[in-house]
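Structure assessment
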Amino acid sequence: MNLKVSMRNGALLLIVLIGLASVVGLSRWIDAHRPPPDPKIEEEQLYVNGTMAKRISLGFNGLVADWYWIRSLQYVGGKVIEAKEKIQIDRLGQLNLKLLAPLLDTATTLDPEFMEPYQYAAVVLPNIDLPEAIRITRKGIAANPSAWRLYLQLGYIYWLEHDYQAAGEVYAQGARIPGAPAWMEAMKAKMAVEGGSRELAREIYARMYEQASDPQVKSMAAHRLMQIDSLDQRDALRKVLSAYQSKVGRCPSSWGEVEPLLRAPRVSVDPTGAPLDPAGSPYVLVNSGCDLDLDPKSEVPRN
(Lines give C-alpha, C1' and ligand atoms only; values in the text may rest on other atoms or scores of the structure.)
Protein backbone atom coordinates (compact mmCIF):
# COMPACT_ATOMS: atom_id res chain seq x y z
CA MET A 1 0.00 0.00 0.00
CA ASN A 2 2.77 2.42 0.98
CA LEU A 3 4.59 1.53 -2.23
CA LYS A 4 1.52 2.44 -4.31
CA VAL A 5 1.11 5.74 -2.46
CA SER A 6 4.78 6.54 -2.98
CA MET A 7 4.52 5.72 -6.68
CA ARG A 8 1.42 7.89 -7.06
CA ASN A 9 3.06 10.80 -5.23
CA GLY A 10 6.14 10.34 -7.36
CA ALA A 11 4.07 10.47 -10.54
CA LEU A 12 2.33 13.66 -9.42
CA LEU A 13 5.66 15.24 -8.57
CA LEU A 14 6.99 14.27 -11.98
CA ILE A 15 3.98 15.92 -13.69
CA VAL A 16 4.56 19.14 -11.75
CA LEU A 17 8.26 19.12 -12.62
CA ILE A 18 7.49 18.55 -16.30
CA GLY A 19 5.03 21.46 -16.21
CA LEU A 20 7.56 23.78 -14.63
CA ALA A 21 10.21 22.65 -17.08
CA SER A 22 7.90 23.35 -20.03
CA VAL A 23 7.25 26.88 -18.78
CA VAL A 24 10.96 27.51 -18.30
CA GLY A 25 11.65 25.99 -21.71
CA LEU A 26 9.02 28.18 -23.34
CA SER A 27 10.45 31.28 -21.66
CA ARG A 28 13.96 30.42 -22.89
CA TRP A 29 12.68 29.68 -26.39
CA ILE A 30 10.94 33.05 -26.49
CA ASP A 31 14.07 34.85 -25.30
CA ALA A 32 16.24 32.99 -27.79
CA HIS A 33 13.98 33.93 -30.68
CA ARG A 34 13.49 37.54 -29.64
CA PRO A 35 14.45 39.75 -32.60
CA PRO A 36 17.18 42.32 -32.03
CA PRO A 37 15.77 45.69 -30.93
CA ASP A 38 15.35 48.21 -33.70
CA PRO A 39 15.64 51.80 -32.46
CA LYS A 40 13.57 52.95 -35.44
CA ILE A 41 10.63 50.88 -34.25
CA GLU A 42 8.76 52.39 -31.33
CA GLU A 43 7.69 49.05 -29.92
CA GLU A 44 8.33 45.48 -31.02
CA GLN A 45 5.58 43.09 -32.04
CA LEU A 46 4.62 40.09 -29.95
CA TYR A 47 6.85 37.40 -31.40
CA VAL A 48 4.87 34.35 -30.15
CA ASN A 49 1.12 34.44 -30.80
CA GLY A 50 -1.48 32.48 -28.90
CA THR A 51 -1.67 29.62 -31.38
CA MET A 52 2.09 29.06 -31.36
CA ALA A 53 2.34 29.38 -27.58
CA LYS A 54 -0.45 26.81 -27.22
CA ARG A 55 1.35 24.41 -29.55
CA ILE A 56 4.67 24.56 -27.68
CA SER A 57 3.26 24.62 -24.13
CA LEU A 58 3.23 20.80 -24.01
CA GLY A 59 -0.33 20.73 -22.70
CA PHE A 60 0.35 23.01 -19.72
CA ASN A 61 -1.76 25.78 -21.17
CA GLY A 62 -2.98 27.07 -17.81
CA LEU A 63 0.53 27.60 -16.47
CA VAL A 64 1.65 29.40 -19.62
CA ALA A 65 -1.55 31.50 -19.62
CA ASP A 66 -0.69 32.60 -16.08
CA TRP A 67 2.78 33.55 -17.31
CA TYR A 68 1.31 35.74 -20.08
CA TRP A 69 -1.16 37.29 -17.64
CA ILE A 70 1.61 38.21 -15.20
CA ARG A 71 3.66 39.54 -18.08
CA SER A 72 0.71 41.74 -19.13
CA LEU A 73 0.57 43.28 -15.65
CA GLN A 74 4.33 43.78 -15.57
CA TYR A 75 4.22 45.39 -19.02
CA VAL A 76 1.59 47.91 -17.91
CA GLY A 77 3.32 48.49 -14.57
CA GLY A 78 6.62 49.20 -16.28
CA LYS A 79 4.99 51.76 -18.58
CA VAL A 80 3.28 53.48 -15.65
CA ILE A 81 6.58 53.68 -13.76
CA GLU A 82 8.27 55.17 -16.83
CA ALA A 83 5.52 57.80 -17.06
CA LYS A 84 6.35 58.96 -13.51
CA GLU A 85 2.80 60.10 -12.89
CA LYS A 86 -0.31 58.59 -11.41
CA ILE A 87 -2.69 57.45 -14.15
CA GLN A 88 -5.98 55.59 -13.73
CA ILE A 89 -5.88 52.21 -15.48
CA ASP A 90 -8.84 53.17 -17.67
CA ARG A 91 -6.89 56.17 -19.03
CA LEU A 92 -3.65 54.56 -20.21
CA GLY A 93 -3.96 55.45 -23.89
CA GLN A 94 -1.04 57.89 -23.68
CA LEU A 95 1.42 55.14 -22.66
CA ASN A 96 1.76 53.42 -26.07
CA LEU A 97 0.76 49.98 -24.81
CA LYS A 98 0.87 48.28 -28.22
CA LEU A 99 1.65 44.83 -26.82
CA LEU A 100 -1.11 44.72 -24.22
CA ALA A 101 -3.87 43.45 -26.53
CA PRO A 102 -1.67 40.66 -28.00
CA LEU A 103 -0.55 39.61 -24.50
CA LEU A 104 -4.11 39.43 -23.18
CA ASP A 105 -5.27 37.71 -26.36
CA THR A 106 -2.55 35.06 -25.99
CA ALA A 107 -3.43 34.44 -22.32
CA THR A 108 -7.08 33.88 -23.23
CA THR A 109 -6.21 31.69 -26.20
CA LEU A 110 -4.16 29.44 -23.93
CA ASP A 111 -6.90 29.35 -21.29
CA PRO A 112 -10.30 30.49 -22.67
CA GLU A 113 -11.89 30.20 -19.20
CA PHE A 114 -9.36 32.57 -17.57
CA MET A 115 -11.66 35.45 -16.52
CA GLU A 116 -9.17 38.03 -15.22
CA PRO A 117 -7.61 38.89 -18.63
CA TYR A 118 -11.08 39.44 -20.12
CA GLN A 119 -12.04 41.76 -17.28
CA TYR A 120 -8.75 43.64 -17.58
CA ALA A 121 -9.18 43.98 -21.35
CA ALA A 122 -12.68 45.44 -20.93
CA VAL A 123 -11.45 48.12 -18.52
CA VAL A 124 -7.99 49.00 -19.86
CA LEU A 125 -8.13 48.40 -23.62
CA PRO A 126 -11.01 50.74 -24.64
CA ASN A 127 -8.72 53.75 -24.14
CA ILE A 128 -5.90 52.00 -26.04
CA ASP A 129 -7.47 49.84 -28.76
CA LEU A 130 -11.27 49.87 -28.79
CA PRO A 131 -11.78 47.21 -31.52
CA GLU A 132 -9.50 44.79 -29.64
CA ALA A 133 -11.29 45.49 -26.36
CA ILE A 134 -14.60 44.52 -27.99
CA ARG A 135 -13.13 41.54 -29.86
CA ILE A 136 -11.41 40.00 -26.82
CA THR A 137 -14.49 40.48 -24.62
CA ARG A 138 -16.73 38.90 -27.27
CA LYS A 139 -14.16 36.11 -27.58
CA GLY A 140 -14.64 35.51 -23.85
CA ILE A 141 -18.42 35.40 -24.24
CA ALA A 142 -18.13 32.88 -27.08
CA ALA A 143 -15.89 30.65 -24.97
CA ASN A 144 -17.92 31.14 -21.77
CA PRO A 145 -21.58 31.66 -22.77
CA SER A 146 -22.80 31.21 -19.19
CA ALA A 147 -20.49 33.89 -17.73
CA TRP A 148 -22.91 36.83 -17.29
CA ARG A 149 -20.13 39.08 -15.96
CA LEU A 150 -18.60 39.19 -19.44
CA TYR A 151 -21.84 40.76 -20.70
CA LEU A 152 -21.53 43.32 -17.92
CA GLN A 153 -18.02 44.13 -19.14
CA LEU A 154 -19.03 44.34 -22.81
CA GLY A 155 -21.95 46.59 -21.91
CA TYR A 156 -19.50 48.83 -20.06
CA ILE A 157 -17.35 49.19 -23.21
CA TYR A 158 -20.34 50.24 -25.33
CA TRP A 159 -21.49 52.63 -22.59
CA LEU A 160 -18.05 54.28 -22.59
CA GLU A 161 -18.47 54.85 -26.33
CA HIS A 162 -21.94 56.38 -25.79
CA ASP A 163 -23.51 53.55 -27.78
CA TYR A 164 -26.34 53.20 -25.28
CA GLN A 165 -28.51 51.05 -27.54
CA ALA A 166 -25.77 48.42 -27.98
CA ALA A 167 -24.96 48.58 -24.25
CA GLY A 168 -28.62 48.04 -23.33
CA GLU A 169 -28.93 45.08 -25.68
CA VAL A 170 -25.82 43.45 -24.22
CA TYR A 171 -27.08 43.91 -20.65
CA ALA A 172 -30.42 42.39 -21.67
CA GLN A 173 -28.66 39.36 -23.22
CA GLY A 174 -26.65 38.87 -20.04
CA ALA A 175 -29.77 39.17 -17.92
CA ARG A 176 -31.19 36.03 -19.57
CA ILE A 177 -28.30 33.87 -18.32
CA PRO A 178 -29.14 31.74 -15.26
CA GLY A 179 -27.67 33.29 -12.14
CA ALA A 180 -27.48 36.82 -13.54
CA PRO A 181 -28.65 39.49 -11.06
CA ALA A 182 -32.07 41.07 -11.58
CA TRP A 183 -30.62 44.57 -12.00
CA MET A 184 -29.08 43.63 -15.37
CA GLU A 185 -32.53 43.49 -16.97
CA ALA A 186 -33.29 47.00 -15.70
CA MET A 187 -30.08 48.33 -17.24
CA LYS A 188 -31.54 48.13 -20.76
CA ALA A 189 -34.29 50.61 -19.91
CA LYS A 190 -31.89 52.81 -17.98
CA MET A 191 -29.52 52.95 -20.95
CA ALA A 192 -32.38 54.12 -23.18
CA VAL A 193 -33.58 56.80 -20.75
CA GLU A 194 -30.49 57.83 -18.75
CA GLY A 195 -27.62 56.79 -21.04
CA GLY A 196 -25.31 59.77 -20.42
CA SER A 197 -26.45 60.64 -16.91
CA ARG A 198 -24.23 60.87 -13.88
CA GLU A 199 -26.56 58.62 -11.90
CA LEU A 200 -26.25 55.80 -14.41
CA ALA A 201 -22.46 56.21 -14.39
CA ARG A 202 -22.56 55.89 -10.60
CA GLU A 203 -24.55 52.65 -10.82
CA ILE A 204 -22.26 51.17 -13.49
CA TYR A 205 -19.12 51.81 -11.44
CA ALA A 206 -20.82 50.64 -8.25
CA ARG A 207 -21.75 47.33 -9.95
CA MET A 208 -18.22 47.06 -11.35
CA TYR A 209 -16.80 47.58 -7.85
CA GLU A 210 -19.08 44.86 -6.47
CA GLN A 211 -18.22 42.31 -9.17
CA ALA A 212 -14.52 43.02 -9.83
CA SER A 213 -12.00 40.41 -8.72
CA ASP A 214 -8.92 42.29 -9.93
CA PRO A 215 -7.76 44.79 -7.25
CA GLN A 216 -6.71 47.34 -9.88
CA VAL A 217 -10.15 47.28 -11.49
CA LYS A 218 -11.78 47.55 -8.05
CA SER A 219 -9.58 50.53 -7.20
CA MET A 220 -10.39 52.21 -10.52
CA ALA A 221 -14.14 51.81 -9.92
CA ALA A 222 -13.77 53.25 -6.40
CA HIS A 223 -11.92 56.29 -7.78
CA ARG A 224 -14.54 56.83 -10.49
CA LEU A 225 -17.26 56.75 -7.82
CA MET A 226 -15.32 59.38 -5.85
CA GLN A 227 -15.07 61.47 -9.03
CA ILE A 228 -18.84 61.32 -9.58
CA ASP A 229 -19.53 62.24 -5.94
CA SER A 230 -17.06 65.12 -6.27
CA LEU A 231 -18.83 66.43 -9.38
CA ASP A 232 -22.10 66.49 -7.42
CA GLN A 233 -20.38 68.28 -4.53
CA ARG A 234 -18.83 70.88 -6.81
CA ASP A 235 -22.19 71.60 -8.42
CA ALA A 236 -23.68 72.21 -4.96
CA LEU A 237 -20.72 74.30 -3.80
CA ARG A 238 -20.88 76.51 -6.90
CA LYS A 239 -24.46 77.33 -5.94
CA VAL A 240 -23.20 78.34 -2.49
CA LEU A 241 -20.54 80.60 -4.00
CA SER A 242 -23.09 82.12 -6.37
CA ALA A 243 -25.54 82.77 -3.51
CA TYR A 244 -22.80 84.41 -1.44
CA GLN A 245 -21.79 86.65 -4.36
CA SER A 246 -25.39 87.70 -4.93
CA LYS A 247 -25.85 88.52 -1.24
CA VAL A 248 -22.53 90.27 -0.52
CA GLY A 249 -21.68 91.64 -3.95
CA ARG A 250 -18.31 89.92 -4.21
CA CYS A 251 -16.74 86.47 -4.17
CA PRO A 252 -15.39 85.10 -0.88
CA SER A 253 -11.68 85.45 -0.13
CA SER A 254 -11.69 82.28 1.97
CA TRP A 255 -13.92 79.32 2.72
CA GLY A 256 -14.39 80.59 6.25
CA GLU A 257 -16.63 83.36 4.92
CA VAL A 258 -19.14 80.90 3.46
CA GLU A 259 -18.86 78.11 6.05
CA PRO A 260 -22.36 78.76 7.48
CA LEU A 261 -23.78 78.24 3.98
CA LEU A 262 -22.09 74.86 3.62
CA ARG A 263 -24.64 73.17 5.85
CA ALA A 264 -27.07 72.87 2.94
CA PRO A 265 -24.73 70.79 0.70
CA ARG A 266 -23.87 68.71 3.79
CA VAL A 267 -20.17 68.45 3.06
CA SER A 268 -17.50 67.88 5.67
CA VAL A 269 -15.10 70.75 6.33
CA ASP A 270 -11.55 70.97 7.67
CA PRO A 271 -10.52 73.25 10.61
CA THR A 272 -10.18 76.23 8.23
CA GLY A 273 -13.73 75.81 6.99
CA ALA A 274 -12.72 74.41 3.59
CA PRO A 275 -15.09 71.70 2.29
CA LEU A 276 -13.52 68.28 1.78
CA ASP A 277 -13.79 66.19 -1.36
CA PRO A 278 -14.66 62.45 -1.20
CA ALA A 279 -10.95 61.59 -0.85
CA GLY A 280 -10.59 63.89 2.16
CA SER A 281 -8.67 66.73 0.48
CA PRO A 282 -9.92 70.35 0.77
CA TYR A 283 -11.34 72.05 -2.30
CA VAL A 284 -9.49 75.20 -3.31
CA LEU A 285 -11.00 78.52 -4.34
CA VAL A 286 -10.01 79.72 -7.84
CA ASN A 287 -10.84 82.68 -10.07
CA SER A 288 -10.56 85.10 -7.14
CA GLY A 289 -12.91 82.99 -5.03
CA CYS A 290 -15.68 82.85 -7.62
CA ASP A 291 -15.14 79.15 -8.40
CA LEU A 292 -13.54 76.05 -6.91
CA ASP A 293 -11.36 73.16 -8.00
CA LEU A 294 -9.75 69.98 -6.69
CA ASP A 295 -6.59 70.26 -4.67
CA PRO A 296 -3.60 69.22 -6.86
CA LYS A 297 -2.79 66.49 -4.33
CA SER A 298 -6.31 65.07 -4.24
CA GLU A 299 -6.86 61.40 -5.03
CA VAL A 300 -10.05 62.23 -6.93
CA PRO A 301 -9.43 61.76 -10.70
CA ARG A 302 -9.56 64.88 -12.84
CA ASN A 303 -10.41 63.13 -16.10
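Values in this document were obtained by computation on a predicted structure and should not be read as measured data. (Residues numbered from 1 in each chain as written. Predicted model: local features only at pLDDT ≥ 70, side-chain atom pairs only at ≥ 80, totals over all residues. Heavy atoms only, no water.)

Attention now moves to the environment of glutamine 88. Relative to the elements of secondary structure, glutamine 88 occurs in the loop between helix H3 (61-83) and helix H4 (100-110). Glutamine 88 gets classed as buried once you look at its relative accessible area, which sits at 14%. It is 9.0 Å that separates the C-alpha atoms of glutamine 88 and serine 219, two residues lying 131 residues apart in sequence. With residues up to four places along the chain from it excluded, the contact list for glutamine 88 reads Met220, His223, Arg224 and Pro301. (Helix = DSSP H or I, 4+ residues; strand = E, 2+ residues; numbered from the N terminus. Buried < 20%, exposed > 50% of the residue type's maximum accessible area, 1.4 Å probe, protein only. Contact = heavy atoms within 4.5 Å.)

For the rest of this paragraph, the subject is the pattern of salt bridges. Taken as a whole, this structure holds 18 salt bridges when the rule is applied. Measuring nitrogen to oxygen at the nearest pair gives 2.9 Å for the salt bridge that ties arginine 198 to aspartate 235. Of the two residues, arginine 198 sits in helix H10 (residues 198-211) while aspartate 235 sits in helix H11 (residues 215-248), which places them 37 residues apart along the sequence. Residue arginine 198 is classed as partly exposed on the basis of its relative accessible area of 31%. Exposure remark for aspartate 235: the relative accessible area of 35% places this residue in the partly exposed category. Residues arginine 238 and aspartate 291 are paired through a salt bridge, measuring 2.8 Å at the closest nitrogen-oxygen approach. Here arginine 238, found in helix H11, pairs with aspartate 291, found in strand E2 (residues 291-293); they are 53 residues apart in sequence, far enough to count as distant. Here the salt bridges share partners, and the residues they tie into one network are Arg198, Glu199, Arg202, Asp229, Asp232, Asp235, Arg238 and Asp291. (Salt bridge = Lys/Arg side-chain N within 4 Å of Asp/Glu carboxyl O.)

Between H4 and helix H6 (residues 130-143), whose axes approach to 11 Å, the crossing angle comes to 5 degrees. Of the possible angle classes, the one that applies to H4 and H6 is roughly parallel. Contact residues: Ala101, Leu104, Asp105, Thr108 and Thr109 in H4; Glu132, Arg135, Ile136 and Lys139 in H6. Across the contact of H4 with H6, the residue classes tally to 3 nonpolar, 2 polar and 4 charged. (Axes fitted to C-alpha atoms, helices over the stretch in contact; angles between N-to-C directions. Parallel < 35°, antiparallel > 145°, perpendicular 65-115°, else oblique. Nonpolar A, V, L, I, M, F, W, Y, C, P; charged D, E, K, R; others polar.)

With that settled, consider helix H9 (residues 183-194). Within the sequence span of H9, burial applies to Trp183, Met184, Met187 and Met191. The arc that holds the buried residues of H9, viewed along the axis, is 95 degrees, so those residues lie on one side. Residues of H9 that are exposed and point over 90 degrees away from its buried face: Ala192 and Val193. Buried residues in H9 make contact with helix H7 (148-160), helix H8 (164-175) and H10. (Arc of directions from axis to C-beta.)

Taken as a whole, this structure holds 1 cavity of 30 Å³ or more when the rule is applied. Here the largest cavity defines a volume of roughly 110 Å³. Among the secondary structure elements, those contributing two or more residues to the lining of the largest cavity are helix H5 (115-124), H7 and H10. Of the residues that constitute the lining of the largest cavity, the class distribution is 8 nonpolar, 3 polar and 2 charged. (1 Å grid on protein atoms, 1.4 Å probe; cavity = no way out; pocket = protein on both sides within 12 Å on 5 of 7 lines; lining within 4 Å. Points joined across faces, edges and corners; volume = space filled by probe spheres on them.)

Considering all chains together, one arrives at 7 aromatic pairs under this definition. Relative to tyrosine 205, the ring of tyrosine 156 lies with its centre 5.9 Å away and its plane at 75 degrees, an arrangement referred to as edge-to-face. In this pair, tyrosine 156 sits in helix H7 while tyrosine 205 sits in helix H10, placing the two residues 49 residues apart along the sequence. The structure contains a cluster of three or more aromatic residues connected by ring pairs, namely Trp69, Phe114 and Tyr120. Between lysine 218 and the ring centre of tyrosine 209, over which it is positioned, the NZ or CZ distance is 4.4 Å. (Phe/Tyr/Trp six-rings, centres within 6.5 Å; stacked < 30°, edge-to-face > 60°. Lys NZ or Arg CZ within 6 Å of the ring centre and 35° of its normal.)

Turning to the nonpolar core, a few remarks are in order. One finds Leu100 and Trp159 to be the most contacted residues of the largest nonpolar core, which totals 62 residues. When residues in this core are grouped by element, the largest group, 9 residues, is from H7. For leucine 100, the contacting residues outside a window of four places in its chain are Ser72, Tyr75, Val76, Tyr120, Val124, Leu125 and Ile128. (Core = buried A, V, L, I, M, F, W, Y, C linked by side-chain atoms within 4.5 Å.)

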